[in-house]
Amino acid sequence: MTETASPRSRRVSQRIGSIAESATLKVDAKAKALKAEGRPVIGFGAGEPDFPTPGYVVEAAVEACRDPKNHRYTPAGGLPELKKAIAEKTRRDSGLEVEPTQVLVTNGGKQAIYSAFATMLDPGDEVIVPAPYWTTYPEAIQLAGGVTVEVLADETQDYKVTVEQLEAARTERTKVLLFVSPSNPTGAVYTAEEIREIGAWVHEHGLWVLTDEIYEHLVYDGVETGSLPVLCPDVADYCVVVNGVAKTYAMTGWRVGWMIGPADLVKAATNLQSHATSNVSNVAQRAAIAAVTGDLTAVDEMKVAFDRRRRTIVSMLNDIEGVVCPTPLGAFYAYPSVKGLLGREYDGRQVETSAELAEYILDAAEVAVVPGEAFGSPGYLRLSYALGDDDLVEGVTRLQKLFA
């Protein structure tokens, strides 16, 4: 047997080998590595609140560590107490009525997204994905055997797709619409009326929806919005909601998310999880119970800070000639167009793409940003403003000086 024909020559499966590394985590890791070397890098890469997890949540975890019942296996789909608490929290925060049997507790929102797509999609099924999109969505769809169909909305549309665009992308293979509001990476928020129009289109064509509501509490300027299955009850039985504690409660490292959907779909996803990971860490689940059953005081305090930073970063970015930054209405990201900075030479270095611009910014200004290529829309940068006020101002000031 020749080496080329040997099973050992096929080292990584095509399915896994085709998956790209998370661009946001890659930028964050590089920024942290440079900081560890002593370089004064300011990172706008990862969407991670700079606040500590609320104290009462941490204390719940400490108590959970001491209780031997949390040292053992628990149901793969989540602690019954947490599933009940998530159902009650969902009713409280969005008005969606669900039963605990419709909840699957996952290892963060990413597992919820993959599990949902793996459960809904057969090979060749198409998912309409509005762009700019978070980097994980297309990879999860591909891993599940589905096909991503991108629909691009730029800053002239406030980064929001229209029903006409969705209809133009629909084919006989379309099964699912991915709907995200507030959006990562743009911070766009669909109004209640826009959501109703999209829901009516989904209902008319008998499609499924996966709606990611991880940023539900981070909405600014009094925009009237809501949860798609609540505003569009006709599609509620064909809707999967993904959420988690990471962004709302500053618990990114605790890895607790969930998917909510029809009971049969959730049962199938639970079967998958029983073989993939089994139960989420019991200590993290106990902490999540404290988070979702507590009031939103800590959340509101963080939101005040995010709102202040939002206004600062938008104003400062728009002061850079060649940069156009719409005001985001949700989440904690700014998504400026940097097309006016491209096609130029900087320090003897020709910069044609936003990916090359991001590399130049990191090298020349020691500021880490994520290029639009990672989100399906070249010509833009994503900057998370979930970092301290001083670092935010210093980082954007460096950009202002770099492109002055």
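Quick look at the structure, then. (Residues numbered from 1 in each chain as written. Predicted model: local features only at pLDDT ≥ 70, side-chain atom pairs only at ≥ 80, totals over all residues. Heavy atoms only, no water.)

What about the layout of surface pockets?
In step 1: For the largest pocket, the calculated volume is near 520 Å³.
In step 2: Together, 29 residues line the largest pocket, and Gly47, Lys110, Trp134, Lys247 and Arg255 are the ones closest to its centre.
In step 3: Mapped onto the lining of the largest pocket, the elements with two or more residues apiece are α2 (23-36), α5 (108-120) and β7 (239-244).
In step 4: Looking at the lining of the largest pocket residue by residue, the class counts come to 13 nonpolar, eight polar and eight charged. (1 Å grid on protein atoms, 1.4 Å probe; cavity = no way out; pocket = protein on both sides within 12 Å on 5 of 7 lines; lining within 4 Å. Points joined across faces, edges and corners; volume = space filled by probe spheres on them. Helix = DSSP H or I, 4+ residues; strand = E, 2+ residues; numbered from the N terminus. Nonpolar A, V, L, I, M, F, W, Y, C, P; charged D, E, K, R; others polar.)

A word on the sheet that holds strand β2 (residues 103-106)
In step 1: Taken together, seven strands build an open sheet; the order of strands is β2-β8-β7-β6-β5-β3-β4 and the sheet is mixed. Looking along the sheet, the strands with just one partner apiece sit at the ends: β2 and β4 (147-152). Across the sheet, the mean angle separating the axes of adjacent strands is 20° when strand polarity is ignored.
In step 2: In terms of strand pairing, strand β3 (residues 126-131) meets β4 through six bridges, oriented parallel. The residue of β4 that forms the bridge with isoleucine 128 is valine 149. (Pairing = 2+ DSSP bridges. Axes fitted to C-alpha atoms, helices over the stretch in contact; angles between N-to-C directions.)

Describing the pattern of salt bridges
In step 1: Here the structure, examined in full by the defined rule, presents 22 salt bridges.
In step 2: Notably, a salt bridge pairs lysine 84 with glutamate 88, separated by 2.7 Å at the nearest N-O pair. Linking lysine 84 with glutamate 88, this pair stays in helix α4 (residues 80-94), spanning four residues, or about one helical turn.
In step 3: You can call lysine 84 partly exposed: its relative accessible area is 46%.
In step 4: Glutamate 194 serves as the salt-bridge partner of lysine 160, at 2.9 Å between the closest nitrogen and oxygen. One end of the pair, lysine 160, is in the loop between β4 and α7 (163-169); the other, glutamate 194, is in helix α8 (residues 192-204), with 34 residues separating them in the sequence.
In step 5: Looking at lysine 160, the relative accessible area reads 12%, which means it is buried. (Salt bridge = Lys/Arg side-chain N within 4 Å of Asp/Glu carboxyl O. Buried < 20%, exposed > 50% of the residue type's maximum accessible area, 1.4 Å probe, protein only.)

With respect to the packing of helix α13 (residues 354-365) against helix α14 (residues 389-402)
In step 1: Put simply, α13 and α14 touch, their axes get as near as 11 Å, and they point 100° apart. Our classification of the angle between α13 and α14 gives roughly perpendicular. Seen from α13, the contacting residues are Tyr360, Ile361, Ala364 and Ala365; seen from α14, they are Arg398, Leu399 and Leu402.
In step 2: Along the lines of polarity and charge, the residues of the contact of α13 with α14 split into six nonpolar, no polar and one charged. (Parallel < 35°, antiparallel > 145°, perpendicular 65-115°, else oblique. Contact = heavy atoms within 4.5 Å.)

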